[in-house]
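Fold and contact review
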Amino acid sequence: MSSMIVISATAIPDHLRGALTRWLLEVTPELYVGTVSARVRDELWTSVATCAGDGMAVLAHPADNEQGFVLRTVGTRRREPTDFDGLTLIAFRRESQETAKPS
């Protein structure tokens with residue numbers, strides 16, 4: 001059965017963008033939306049995860065859980081999905097912290 005997916009990808013190679021647009025609509029730059037089967041979704045995500053390089057990507061697709069969707073991520077990003085009692089929450093990772101040194 002087909003279901004809607006959303007992929008947000010940043011700084012990915014052009015050939016990967018082309019591959020995604022064969023199956024999905026690029027509604028805004030680097031945001032892809034479409035209705036595909038689970039097999040196609042998994043194959044697309046394997047391609048994204050393999051070719052992302054220095055870029056990053058997030059896939060959201062329907063699932064049988066409390067929220068009704070699952071997030072998959074690849075690459076370095078500031079926001080990290082975290083499981084909290086069965087709910088996916090977003091944790092912000094701090095890039096760097098400066099400690100104040102007394103004078």
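So, a few notes on the structure that sits alongside this text. Owing to the predicted nature of the structure, the values given are computational and were not obtained by experimental measurement.

Definitions and limits used
- Residues numbered from 1 in each chain as written.
- Predicted model: local features only at pLDDT ≥ 70, side-chain atom pairs only at ≥ 80, totals over all residues.
- Heavy atoms only, no water.
- Helix = DSSP H or I, 4+ residues; strand = E, 2+ residues; numbered from the N terminus.
- Rg over C-alpha atoms; globule rule 2.2 N^0.38 Å.
- Contact = heavy atoms within 4.5 Å.
- Areas by Shrake-Rupley, 256 points an atom, 1.4 Å probe, with all protein chains shown as cover.
- Pairing = 2+ DSSP bridges.
- Axes fitted to C-alpha atoms, helices over the stretch in contact; angles between N-to-C directions.
- Salt bridge = Lys/Arg side-chain N within 4 Å of Asp/Glu carboxyl O.
- Buried < 20%, exposed > 50% of the residue type's maximum accessible area, 1.4 Å probe, protein only.

This part takes up the overall build of the chain. Within the chain one finds two helices and seven strands. Reading the chain from its N terminus to its C terminus gives the helix and strand order β-α-β-β-α-β-β-β-β. Against the globule reference of 13 Å for 103 residues, the chain gives a C-alpha radius of gyration of 16 Å, more extended than a compact globule. The principal-axis extents of the C-alpha atoms in the chain amount to approximately 65 × 35 × 25 Å. Taking the contacts inside the chain whose residues are at least 6 apart along the sequence as the reference set, 41% of them involve residues at least 24 apart. For the chain, the exposed surface amounts to about 7,200 Å²; the carbon and sulfur share of it is 53%.

Before going further, it helps to spend a moment on the pairing of strand S7 (residues 87-92). For strand S6 (residues 79-84) and S7, the ladder comprises six bridges, and the chain directions are antiparallel. Bridge assignment links Pro-81 to a residue of S7, and that residue is Ile-90. The hairpin formed by S6 and S7 contains two residues between the paired strands, and Asp-85 there has a positive phi angle of roughly 50°.

Take the sheet that holds strand S2 (residues 25-28) next. The sheet built from five strands is open, its strands ordered S2-S3-S1-S4-S5 with antiparallel pairing. What marks the edges here is a single partner per strand, and that holds for S2 and strand S5 (69-74). Taking each pair of neighbouring strands and ignoring which way they run, the sheet shows an average axis angle of 20°. Note that strand S4 (residues 56-62) and S5 share six bridges and pair antiparallel. Across the sheet, residue His-61 finds its bridge partner in S5, namely Val-70.

Relative to the helices and strands, Ala-11 resides in the loop between strand S1 (3-10) and helix H1 (14-21). For Ala-11 and Gly-55, which are 44 residues apart along the polypeptide, the C-alpha to C-alpha distance reads 4.4 Å. Those residues in contact with Ala-11 that lie beyond four places of it in its chain are Glu-30, Ala-52 and Gly-55.

Turning our eyes to something else, we now look at the pattern of salt bridges. Counting across every chain of the model gives three salt bridges. Glu-26 serves as the salt-bridge partner of Arg-17, at 2.6 Å between the closest nitrogen and oxygen. Residue Arg-17 is classed as partly exposed on the basis of its relative accessible area, which comes to 25%.

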